[in-house]
Amino acid sequence: MKINKEGLELIKKFEGCRLTAYKDAVGIPTIGYGHISGVSMGMHITQEQADKMLEQDIHRFEMYVDELKLNLNINQYSALVSFAFNVGYKNLHQLCDGRTIKQIADHIQLYNRAGGKILQGLVNRRKQEYDLFMKPVSSLNQSETTGTVSKVNEEELNNALKVIAKAVIADYFGSGNNRKENIYKSVQNEVNKILKGR
């Protein structure tokens, strides 16, 4: 899974983009969209470099959320990527380990301190991450992710599934051990056609 557009915009909004190194709220040298690895004061980058750093950083935090092995929808996943991007790996696990989805939602807004002090910016960010986490995913069209054309036309998908269902009934895929594999391949081919816009 990849962060969706809402999650990406949330990160960009709260991190902001600065092309010259600065110290964040707890004194860590930072540049671009909250990038801290290998940053020193006086450092300058281009917008293109900032975008590349953001892409690499987001990928790392997506992997952190993947490690949780939680059954998340795209909004919950994206909210947690934004959360982890801001507070790090340790706090992500502290929030999620041993908790249900509801318990995670109940606790996410408590992470609003930096240097022992409540910061309004963190209060605002946690509220928006909570809102995204709780936002229902009501259709396949809402599973759009950044960098991938995954906005699916439901009518087209339903038609493809009907064709496959008729083929199953007609024993088109054969029997025995190969049956499941043949069905999977056929479904995957239809999905790929739809994602590529045929």
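Not measured: the values here are computed from a predicted model.

S.K.: Whenever I open this one, the layout of surface pockets confuses me. Can you help?
M.R.: Its boundaries defined by the atoms lining it, the largest pocket holds a volume of some 750 Å³. The wall of the largest pocket is formed by 28 residues, among which Glu 15, Asp 24, Phe 85, Asn 86 and Val 87 lie closest to the centre. Of all elements in the fold, only α1 (5-15), α2 (47-67), α3 (74-96), β3 (113-114) and α5 (120-134) reach the threshold of two or more residues within the lining of the largest pocket. In terms of residue count, the dominant contributor to the lining of the largest pocket is α3 (6 residues).

S.K.: Can you help me understand the confidence of the model for the chain in this one?
M.R.: The predicted coordinates ought not to be read in detail in places where the model reports low pLDDT. Averaged over all residues, the pLDDT of the chain is 85; the fraction at 70 or higher stands at 72%. Every residue in residues 140-152 is under pLDDT 50, and counting partners more than four places away or in other chains gives 32 contacts.

S.K.: Teacher, can you tell me more about α5 here?
M.R.: An α-helical turn contains 3.6 residues, so any two residues separated by three or four positions project in the same direction. For α5, built from 15 residues, the straight-helix expectation of 21 Å at 1.5 Å per residue is met to within 8% by its first-to-last C-alpha distance of 21 Å. All of the buried residues along α5 are Leu 122, Arg 125, Arg 126, Glu 129, Leu 132 and Phe 133. Looking straight down α5, one finds that the buried residues subtend no more than 125° of arc, so they occupy a single side. Buried residues belonging to α5 abut α1, α3, α4 (101-107) and β3.

S.K.: Could you clarify how one ought to interpret the pattern of salt bridges in this entry?
M.R.: Pairs can form between side chains of opposite charge once their charged atoms are near each other. Applying the stated criterion to the full structure yields 8 salt bridges. The salt bridge partner of Arg 125 is Glu 15, with a shortest N-O separation of 2.7 Å. Of this pair, Arg 125 sits in helix α5 while Glu 15 sits in helix α1, and the two are 110 residues apart along the sequence. You'll find Arg 125 and Glu 15 in the same group, each marked buried. Glu 129 is the partner of Arg 126 in a salt bridge, and the nearest nitrogen-oxygen pair spans 2.7 Å. One end of the pair is Arg 126 and the other is Glu 129, both in helix α5 and 3 residues apart, which spans about a single turn. If you follow the salt bridges from partner to partner, you end up with Glu 15, Arg 125, Arg 126 and Glu 129 in one network.

S.K.: What am I meant to see in a nonpolar patch on the surface here?
M.R.: Where nonpolar side chains cluster on the molecular surface, the patch consists of Val 26, Ile 28 and Ile 36 and spans about 240 Å² of accessible area. As for its placement among the helices and strands, Val 26 is situated in the loop between β1 (18-23) and β2 (29-32). In this structure Val 26 comes out as partly exposed when scored by relative accessible area, which is 46%.

Conventions we followed
- Residues numbered from 1 in each chain as written.
- Predicted model: local features only at pLDDT ≥ 70, side-chain atom pairs only at ≥ 80, totals over all residues.
- Heavy atoms only, no water.
- 1 Å grid on protein atoms, 1.4 Å probe; cavity = no way out; pocket = protein on both sides within 12 Å on 5 of 7 lines; lining within 4 Å.
- Points joined across faces, edges and corners; volume = space filled by probe spheres on them.
- Helix = DSSP H or I, 4+ residues; strand = E, 2+ residues; numbered from the N terminus.
- pLDDT = per-residue confidence, 0-100.
- Contact = heavy atoms within 4.5 Å.
- Expected span 1.5 Å × (residues − 1).
- Buried < 20%, exposed > 50% of the residue type's maximum accessible area, 1.4 Å probe, protein only.
- Arc of directions from axis to C-beta.
- Salt bridge = Lys/Arg side-chain N within 4 Å of Asp/Glu carboxyl O.
- Patch = residues over 30% accessible without salt bridge, like charges linked within 9 Å, V, L, I, M, F, W, Y side chains within 5 Å.
- Areas by Shrake-Rupley, 256 points an atom, 1.4 Å probe, with all protein chains shown as cover.

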